Amino acid sequence: MSTVVYGPLTPRDAARCAELESLLFDGDDPWPERAFLAELAAKHNHYVAARVDDKLVGYAGIARLGRVKPFEYEVHTIGVDPAYQGQGIGRQLLRGLFDFAGDAAIFLEVRTDNAAAIALYESEGFEQVGLRKRYYRVSGADAYTMKRDRR
Ligand SMILES: CC(C)(COP(=O)(O)OP(=O)(O)OC[C@H]1O[C@@H](n2cnc3c(N)ncnc32)[C@H](O)[C@@H]1OP(=O)(O)O)[C@@H](O)C(=O)NCCC(=O)NCCS
């Protein structure tokens, strides 16, 4: 198995992120390059990257909500190149987001039919706390809101 290197996501990765998004979220409003640039420019966001031989194979980002403590956090996106899925990269990226959130509560939305992501989130302590009908505008798919309680 190839060596995976974890580190910060940078604006130079934005085009590759958009390429991966269109593979991973086809039909569900994949983010374009400019969306990643905007996310990376926001100082309350934290983005991590997974690379193999300098190629970006995974990315994930989280936002800190609110201005006063106790903060809550929201996972904005996570994706792994299909050729590299199932090797533990997604879990490692998610844990990189946990490092930024510390012991605070974390929320996310996930398509109700996304069994792989739901299994990952549940195994990392998230529980379903809500159902958002037609959350995904293009496909009209429903989402669960999941929460990982304050530790
Ligand atoms: C969700 C995603 C990021 C997981 O990344 P990954 O690197 O493949 O995941 P990992 O190898 O770290 O696996 C972690 C856990 O996820 C779950 N999982 C991963 N692939 C799975 C699959 N095909 N079926 C069921 N569970 C799966 C398992 O619980 C797994 O733990 P295990 O290996 O101990 O069984 C990846 O599948 C992906 O990019 N999907 C498309 C984008 C997406 O749906 N993002 C989430 C939007 S909310």
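Predicted, not measured: the structure shown is a model, and the values here were computed from it.

(A) Inspection of the environment of Arg-132 at higher detail. Relative to the helices and strands, Arg-132 resides in strand S6 (residues 127–132). When the 13 C-beta atoms within 10 Å are taken as the criterion, Arg-132 is described as partly exposed. The spacing of Arg-132 and Glu-109 is 23 residues in sequence and 8.5 Å in space, taken between C-alpha atoms. Residue contacts for Arg-132: discarding those within four places in its chain leaves Glu-109, Asp-142, Ala-143 and Thr-145.

(B) A look at unusual backbone geometry. Cis geometry marks the peptide bond from Lys-69 to Pro-70, where omega comes out at 0°. In this structure, Pro-70 sits in the loop between strand S3 (55–65) and strand S4 (72–80). Positioned with a positive phi, Asp-29 is a non-glycine residue whose angle comes to about 60°. Positioned with a positive phi, Asp-54 is a non-glycine residue whose angle comes to about 70°.

(C) Summary view of the nonpolar core. Ranked by size, the top nonpolar core spans 32 residues in total, and within it Val-48, Tyr-59, Ala-60, Leu-93, Leu-97 and Leu-108 carry the most contacts. Of all the secondary-structure elements, those providing two or more residues to this core are helix H1 (14–24), helix H2 (33–41), strand S2 (45–52), S3, S4, helix H3 (89–101), strand S5 (105–111) and strand S7 (143–148). The element contributing the most residues to this core is S3, with six residues. What Leu-108 contacts, discounting residues up to four positions off in sequence, is Glu-74, Val-75, Tyr-121, Phe-126 and Met-146.

(D) Broad picture of the site of the ligand. Taken together, 19 residues are adjacent to the ligand, and Gln-85, Gly-90, Arg-91, Ala-116 and Leu-120 come closest. For the shell around the ligand, the elements supplying multiple residues, two or more each, are S4, H3 and helix H4 (115–123). A per-element tally of the shell around the ligand places H4 first, with six residues. Here the residues of the shell around the ligand are counted per class, giving ten nonpolar, eight polar and one charged.

(E) Expanded view of the sheet that holds S7. The seven strands are arranged S1-S2-S3-S4-S5-S7-S6 in an open sheet whose pairing can be described as mixed. Here the strands that pair on one side only, and so sit at the sheet edges, are strand S1 (5–8) and S6. Across the sheet, the mean angle from the axis of one strand to that of its neighbour is 25°, orientation sign disregarded. Bridge count between S1 and S2: four bridges; the pairing is antiparallel. Across the sheet, Val-5 pairs through a bridge with Arg-51, a residue of S2. Contacts from H3 reach S1, S2, S3, S4 and S5 within the one sheet, and its direction differs from that of S3 by about 30°.

Conventions adopted
- Residues numbered from 1 in each chain as written.
- Predicted model: local features only at pLDDT ≥ 70, side-chain atom pairs only at ≥ 80, totals over all residues.
- Helix = DSSP H or I, 4+ residues; strand = E, 2+ residues; numbered from the N terminus.
- Buried ≥ 20, exposed ≤ 12 C-beta atoms within 10 Å, placed from the backbone.
- Contact = placed C-beta atoms within 7 Å.
- Core = buried A, V, L, I, M, F, W, Y, C linked by C-beta atoms within 7 Å.
- Near = placed C-beta within 6 Å.
- Nonpolar A, V, L, I, M, F, W, Y, C, P; charged D, E, K, R; others polar.
- Pairing = 2+ DSSP bridges.
- Axes fitted to C-alpha atoms, helices over the stretch in contact; angles between N-to-C directions.

Purely geometric numbers; function is a separate question.
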